[in-house]
Amino acid sequence: NTFKIIDSDLNIVNKIVTTAAKKWVDMISDGNLIIAIADNYTHALVSSDSGETWVERQISSTIHDWSKIMFGNGIFVAISENDNYSSYSYDGVTWTEKLMNETDIWNALIFSNKVNNFISISVSGEIETYEHSCQGVYKPKELELINFQV
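Note that the coordinates shown come from a computational prediction; the quantities given were computed from them, not determined experimentally. Every chain is numbered on its own, with residues counted from 1 as its sequence reads. Totals for whole chains, interfaces and linings use every residue, but because this is a predicted model, local features are given only for residues with pLDDT of at least 70 and side-chain atom pairs only at 80 or more, for both listing and counting. Working from all heavy atoms in the structure, the side-chain values ignore hydrogens and water.

Draft legend 1. Structural context of the sheet that holds strand β9 (residues 85-89). Only when DSSP finds a minimum of two bridges between them are two strands counted as paired. By definition, any uninterrupted DSSP run of H or I lasting at least four residues is a helix, any uninterrupted run of E lasting at least two residues is a strand, and each is numbered from the N terminus. Ordered by their spatial adjacency, 4 strands build an open sheet running β7-β8-β9-β10, and the pairing between neighbours is antiparallel. Looking along the sheet, the strands with just one partner apiece sit at the ends: β7 (66-72) and β10 (96-99). The mean inter-strand angle of the sheet, taken between neighbouring strand axes irrespective of direction, is 20 degrees. Summarising the sheet, β9 and β10 pair through 4 bridges and their orientation is antiparallel. For Ser-87, the partnering residue across the bridge sits in β10 and is Glu-97. All axes are obtained by fitting lines to C-alpha atoms, using only the stretch in contact for helices, and the reported angles, taken between N-to-C directions, cover 0 to 180 degrees.

This is how it looks when you write it as structure tokens:
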């Protein structure tokens with residue numbers, strides 16, 4: 001697998017070949033770290049030098065189909081698509097897994113500055129928010145929709 005680093009003029013400025021032959025599906029940066037996730041894997045790739053070098057970091061004790069990763073309010077959150085797991089990290093090194101409240105296929109994740117929470121949605125329309133308290137508690141929470149119309 002090859003990561004290509006592209007500048008603002010869309011010129012390839014660097015190529016990094018990884019040893020992990022995986023299907024890399026998403027990546028995010030907090031301005032210091034770049035983290036890439038793959039489906040069917042237990043690790044993420046983390047770079048602290050703008051993509052020059054990459055280190056594998058375990059984000060799960062079991063294989064999950066990671067689909068999205070986001071950063072907000074000092075925390076990275078990744079969700080798995082088919083098995084209802086999420087994982088979070090404050091530093092990109094140490095990760096903690098959490099089981100989501102609903103069994104579904106999770107395929108979208110955002111961080112909302114307005115509500116200061118992560119929000120994910122499944123293909124069937126289930127929505128969960130992720131609360132983060134000053135004690136560092138992170139927990140999925142089901143969000144009820146009121147007067148939701150398509």
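Draft legend 2. A look at the nonpolar core. In this structure, Ile-28, Leu-33, Ile-35, Ile-37, Ala-44, Val-46, Ile-59, Trp-66, Ile-69, Phe-76, Ala-78 and Trp-95 together form the largest nonpolar core, which totals 12 residues. Contact partners of Ile-35, with chain neighbours within four places excluded, come to Asp-26, Met-27, Ile-28, Ala-44, Leu-45, Val-46, Ile-69, Phe-76, Gly-92 and Trp-95. The set of buried Ala, Val, Leu, Ile, Met, Phe, Trp, Tyr and Cys residues whose side-chain atoms join them within 4.5 Å is what this entry labels a nonpolar core. With a 1.4 Å probe rolled over the protein chains alone, any residue whose accessible area is under 20% of its type maximum counts as buried; one over 50% counts as exposed, and the rest are partly exposed. Counting residues in hydrophobic clusters, the runner-up holds 10 residues, among them Ile-75, Tyr-88, Phe-111 and Tyr-130. In what follows, a contact means two residues having at least one pair of non-hydrogen atoms within 4.5 Å.

Draft legend 3. Representation of the sheet that holds strand β6 (residues 55-58) in the model. Ordered in space as β3-β4-β5-β6, the 4 strands form an open sheet in which the pairing is antiparallel. Two strands in the sheet have a free side with no partner beyond their single neighbour: β3 (23-29) and β6. For this sheet, the mean angle separating the axes of adjacent strands, direction not counted, is 30 degrees. Where strand β5 (residues 43-47) lies against β6, 4 bridges are found, and the strand directions are antiparallel.

Draft legend 4. Layout of the confidence of the model for the protein. Confidence per residue, as judged by the predictor, is encoded in pLDDT with a range of 0 to 100. Averaged over every residue, the pLDDT of the protein is 77; residues scoring 70 or more account for 73%. By mean pLDDT, strand β14 (residues 138-142) is the weakest element of the protein at 49, and β7 is the strongest at 92. Ignoring residues within four places in sequence, the model shows residues 133-140, a span with pLDDT below 50, making 22 contacts including any to other chains. Counted against residues more than four places away or in other chains, residues 143-150, with its pLDDT under 50, gives 5 contacts.

Draft legend 5. Broad picture of the pairing of β5. Taken across its 5 residues, β5 has 4 buried, putting it largely inside the fold. Pairing of strand β4 (residues 34-39) with β5 involves 4 bridges; the strand directions are antiparallel. If you follow Ile-35 over to β5, its bridge partner there is Val-46. The turn joining β4 and β5, which pair antiparallel and follow one another in sequence, is formed by 3 residues; a positive phi near 60 degrees is taken by Asn-40.

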